[in-house]
Amino acid sequence: MTEQFQAKTDENYFLKAEGLTMHFPAASDALGRPTSWIHAADDVSFAVPKGKTLGVVGESGCGKSTVGKMLLDIYRPTGGKIFYEGKDITALSPKERRPYVKKMQLVWQDPYSSLDPRLRAGDIIAEPIDNFRLAANRAERAEKVERLMQMCGLYPEMATHYPHQFSGGQRQRICIARALATDPEFVVCDEAVSALDVSIQAQIINLLKDLQDELRLTYLFISHDLNIVHFISDEIIVMYLGQIVERGTMETVYRNRAHPYTKALFSATPAFTAAEKQKKQRILLEGDVPSPVDPPKGCRFRGRCPYADKRCEEEPQWHAVEDNHFVKCRLFD
């Protein structure tokens, strides 16, 4: 089944992760040599459709942000490969990878801490332009900044303002404008709206969708808010303790949650209508999330799963639940 899953992820995608692994040192001996490791991500494979949005969901600490930062070369993976339009970019030197870094940008989680308080908004947005030398002179630089600000719903005269003079939503628009300054094809949105008020979240999500349609952007959208992920995503991967446990189109996973962890995760989303409240059943998981320093063998969710048995001590395999919907669970053996 793994081969069928991998073959499915190879079709018509321009960015693909294959077996991505990231281990951080957790403790060291007297000589500074690592003696234990934090398993932030283990054997993570997925592919992102061109011009679409892949949502990444899971509890805090499950490895969502680590995966996004590996794609952008902020973290160099411990193992695995990243393919950009069929080209393996993990083996490239920093100089060789620079053109790909230009095509892939990041919108950070916190618009308050991700902006330099000493720089004006225009200079913040122009940082990537200066870094990649995308403007021939100051007039062209100013023109690019003005166009980016208007594109993101900001007035050009705001270019002279400092970050503390903006609201949270405006600061995130500055972050988005900065990410678009290199004309990227792929953008990682790492909890891009979690620090904002609900009403402002809707405005930023609509802005991201409009920009995607206008610029043919491809998003990796990382969030713990399943309602937002459902609204913006075309496909989704569910992560638990550094591994993907379920993958499929947004609608198939939302309609037919297969993995016990996915069911528990979705049951925690708030219900808004009377019918939803009557139908929804809250699934409470027992036990604590295992330590990523020493994750369980086999299925990592088995210590909290109500269906776990001896078979779960072995590594579960991928199974097709339906077309474009896969789950990693022994219940489907």
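Data block above holds the structure.
Residues numbered from 1 in each chain as written. Predicted model: local features only at pLDDT ≥ 70, side-chain atom pairs only at ≥ 80, totals over all residues. Heavy atoms only, no water.

Asks: Account for the packing of helix H6 (residues 168–180) against helix H7 (residues 198–215), naming residues and giving values.
Replies: Where H6 meets H7, the axes come as close as 10 Å, and the angle between the chain directions of the two elements is 20 degrees. Here H6 lies roughly parallel to H7, going by the angle between them. Pair H6 / H7 crosses with right-handed handedness. On H7, the residues touching Gly-169, Gln-172, Arg-173, Ile-176 and Leu-180 of H6 are Ile-200, Gln-203, Ile-204, Leu-207, Leu-208, Leu-211 and Leu-215. For the contact of H6 with H7, the per-class residue count stands at eight nonpolar, three polar and one charged. (Axes fitted to C-alpha atoms, helices over the stretch in contact; angles between N-to-C directions. Helix = DSSP H or I, 4+ residues; strand = E, 2+ residues; numbered from the N terminus. Parallel < 35°, antiparallel > 145°, perpendicular 65-115°, else oblique. Left-handed = near helix turned anticlockwise from the far one by under 90°. Contact = heavy atoms within 4.5 Å. Nonpolar A, V, L, I, M, F, W, Y, C, P; charged D, E, K, R; others polar.)

Asks: Run through the pairing of strand S1 (residues 13–28), naming residues and quoting values.
Replies: Pairing geometry for S1 and strand S2 (residues 34–49), over 11 bridges, is antiparallel. What sits directly across from Phe-24, in S2, is Ile-38. Connecting S1 to the next strand, S2, in antiparallel fashion are five residues, including Gly-32 with a positive phi near 85 degrees. Note that S1 and strand S4 (residues 79–84) share five bridges and pair antiparallel. The partner of Lys-16 across the bridge, within S4, is Phe-83. (Pairing = 2+ DSSP bridges.)

Asks: Just give me the short version of the pattern of salt bridges, but keep the residues and values in it.
Replies: Opposite charge on two side chains permits them to pair, given that their charged atoms come into close proximity. Enumeration over the complete set of coordinates arrives at 16 salt bridges. Close ionic contact of Arg-300 with Asp-42 constitutes a salt bridge, the shortest N to O distance being 2.5 Å. Here Arg-300, found in the loop between helix H11 (274–279) and strand S11 (318–322), pairs with Asp-42, found in strand S2; they are 258 residues apart in sequence, far enough to count as distant. You'll find Arg-300 and Asp-42 in the same group, each marked buried. The closest approach of N and O atoms between Arg-304 and Glu-59, which form a salt bridge, is 3.4 Å. Placement of Arg-304 in the loop between H11 and S11 and of Glu-59 in the loop between strand S3 (53–57) and helix H2 (64–71) is noted, with a sequence separation of 245 residues between them. Judged by its relative accessible area of 12%, Arg-304 is buried. A relative accessible area of 26% means that Glu-59 is categorised as partly exposed. One network of salt bridges, in which partners are shared, links Asp-73, Arg-76 and Arg-97. (Salt bridge = Lys/Arg side-chain N within 4 Å of Asp/Glu carboxyl O. Buried < 20%, exposed > 50% of the residue type's maximum accessible area, 1.4 Å probe, protein only.)

Asks: So what's going on with the sheet that holds S3? Residues and values would help.
Replies: Strand order in the open sheet formed by eight strands is S6-S7-S8-S3-S9-S10-S12-S11, with mixed pairing between adjacent strands. Unpaired on one side and paired on the other, strand S6 (104–107) and S11 mark the two borders of the sheet. On average, each strand axis in the sheet is tilted by 20 degrees relative to the strand beside it, whichever way the strands run. Judged from the six bridges that link them, strand S9 (residues 235–240) and strand S10 (residues 243–249) form a sheet pairing that is antiparallel. Considered in S10, the bridge of Met-239 is made with Ile-244. The strands that H2 touches are S3, S6, strand S7 (186–190), strand S8 (218–222) and S9; relative to S8, the one it contacts most, it runs at about 150 degrees. Set on the sheet, helix H3 (residues 94–103) makes contact with S6 and S7; between it and S6 the angle comes to about 50 degrees.

Asks: An account of the nonpolar core is needed here, citing residue identities and associated values.
Replies: Formed by 55 residues in total, the largest nonpolar core has its most connected members in Ile-174, Ile-176, Leu-180, Leu-208, Leu-211 and Phe-221. Ranked by residues supplied to this core, first place goes to H6 with six residues. Of all hydrophobic cores here, the second largest spans 32 residues; its members include Leu-20, Val-56, Cys-62 and Ile-237. (Core = buried A, V, L, I, M, F, W, Y, C linked by side-chain atoms within 4.5 Å.)

Asks: Quick rundown of the sheet that holds S2? Include the residues and the values.
Replies: Strand order across the open sheet formed by four strands is S2-S1-S4-S5, with antiparallel pairing between neighbours. Each edge of the open sheet is held by one strand with a lone partner, namely S2 and strand S5 (87–88). With two bridges joining them, S4 and S5 adopt antiparallel strand pairing. Pairing of Tyr-84 across the sheet is with Lys-87, part of S5.

Any functional reading would require information beyond the geometric quantities listed.
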